[in-house]
Amino acid sequence: GDQAFFLIHERFWNMDFDRWTYNGFVTIDPTPHSNVWLSYDVGPVPHYDAEKEEDLYLGFGWAGEVGAQVSLAARLQLEASLVGEQFRRTAAGALVYNTLINRLKANLNLSRPFSIRVIEEWNTFDETLDSSLLIGYERNYGTAVYAGYSEQYDFAERDWVARNVFAKVGYLWRP
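Residues numbered from 1 in each chain as written. Predicted model: local features only at pLDDT ≥ 70, side-chain atom pairs only at ≥ 80, totals over all residues. Heavy atoms only, no water.

(A) Broad picture of the overall build of the protein chain. When helices and strands are tallied, the protein chain shows zero helices and ten strands. Helices and strands appear in the protein chain in the N-to-C order β-β-β-β-β-β-β-β-β-β. By principal-axis analysis of the C-alpha atoms, the protein chain measures approximately 55 × 45 × 40 Å. Of all 175 residues assigned to the protein chain, the portion counted as buried reaches 26%. If you take every contact in the protein chain between residues at least 6 apart in sequence, the share linking residues at least 24 apart comes to 35%. About 11,800 Å² of surface is accessible on the protein chain, with carbon and sulfur atoms providing 58% of the total. Each charge class in the protein chain was averaged separately, 15 positive and 24 negative side chains, and the resulting centres sit 9 Å apart. (Helix = DSSP H or I, 4+ residues; strand = E, 2+ residues; numbered from the N terminus. Buried < 20%, exposed > 50% of the residue type's maximum accessible area, 1.4 Å probe, protein only. Contact = heavy atoms within 4.5 Å. Areas by Shrake-Rupley, 256 points an atom, 1.4 Å probe, with all protein chains shown as cover. Lys, Arg positive; Asp, Glu negative; His and termini not counted. Charge placed at Lys NZ, Arg CZ, Asp CG, Glu CD.)

Next comes the structure, spelled out in C-alpha cells:
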C-alpha cells in the first residue's frame, strides 16, 4: 500500500488555510478478475459547506473508503463501495456531520463500441438515493456519443426531487 503526508496551502472564499493531510491506499487482487481496496484521508479541513464567508473555519475531518470490483465474462464489471466521512470543529471537538455513501455500479460492454453503465448511490448526509443510466458508443478515442438519465429520490421529502436527461457528442477531426 501507499501512504503519504502532505502540507497544503489552500485558498477558499478569500481565506488562506495552511493545513496537512495524511492519506493511504491499499489494494489486493484476490483473483485476476477482481480487486479489493481500502483508502483513508485524515487531517484539518476547511468547512466547505459554509453558507457565508464568516461561517468558514478550519475543522478536522477524516474519510475512508472500502470497495470491491469483479469482472465477469470480460463484459460485465460490478463494483461496490462504502465511503465514510466525518467532520468536527476540532480534532476532539463537536461533531458537525457524519455520513456514509453506499455505491453500486455495473458496467456492461455489449460490444467494443457499445456500453451501458448503471449507478445507484445512497447518501446518509443528504438522505437521498441517486440513480443513473448511461449508454455509450465510442467509435475511437475522441469520437463518442453518450446519452443518459439520472434521478434523485429525497427520503426526507418522500419524493423524486430531480430528473435529468443528458447527452454528449464528441468527434475527433483530423485534417
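(B) Highlighting the layout of surface pockets. When its volume is computed, the largest pocket comes out at roughly 220 Å³. Along the wall of the largest pocket there are 17 residues; nearest its centre are Val45, Gly61, Glu85, Phe87 and Tyr97. Contributions of two or more residues to the lining of the largest pocket are made by strand S2 (15–31), strand S3 (34–46), strand S4 (58–72) and strand S5 (76–88). Among the elements that make up the lining of the largest pocket, the one with the highest residue count is S3 (five residues). (1 Å grid on protein atoms, 1.4 Å probe; cavity = no way out; pocket = protein on both sides within 12 Å on 5 of 7 lines; lining within 4 Å. Points joined across faces, edges and corners; volume = space filled by probe spheres on them.)

(C) Inspection of unusual backbone geometry at higher detail. With a phi angle near 50°, tryptophan 13 is a residue other than glycine that sits in the positive phi range. Looking at the element boundaries, tryptophan 13 is found in the loop between strand S1 (2–12) and S2. One non-glycine residue, arginine 158, lies in the positive phi region at around 55°. Inspection of the secondary structure assignment puts arginine 158 in the loop between strand S9 (143–154) and strand S10 (159–170).

(D) Representation of the packing of aromatic side chains in the model. One pass over the full model with this rule turns up twelve aromatic pairs. Through pairs of rings, three or more aromatic residues link up here, namely Tyr57, Phe87, Tyr97 and Phe125. Here the guanidinium or amino end of arginine 89 rests over the ring plane of tyrosine 57, the centre of that ring lying 3.9 Å away. (Phe/Tyr/Trp six-rings, centres within 6.5 Å; stacked < 30°, edge-to-face > 60°. Lys NZ or Arg CZ within 6 Å of the ring centre and 35° of its normal.)

(E) Molecular detail of the sheet that holds strand S6 (residues 95–109). Taken in spatial order, the ten strands of this open sheet run S1-S2-S3-S4-S5-S6-S7-S8-S9-S10, and their pairing is antiparallel. With partners counted over all chains shown, the strands left at the sheet margins are S1 and S10, one partner each. Averaged over neighbouring strand pairs, the angle between their axes works out to 15° when direction is ignored. For S9 and S10, the ladder comprises eleven bridges, and the chain directions are antiparallel. Pairing of serine 150 across the sheet is with asparagine 164, part of S10. (Pairing = 2+ DSSP bridges. Axes fitted to C-alpha atoms, helices over the stretch in contact; angles between N-to-C directions.)

(F) Focus on the environment of histidine 33. With respect to the secondary-structure elements, histidine 33 resides in the loop between S2 and S3. Once you skip the residues sitting within four places of it in the chain, histidine 33 turns out to touch Gln69, Val70 and Ser71.

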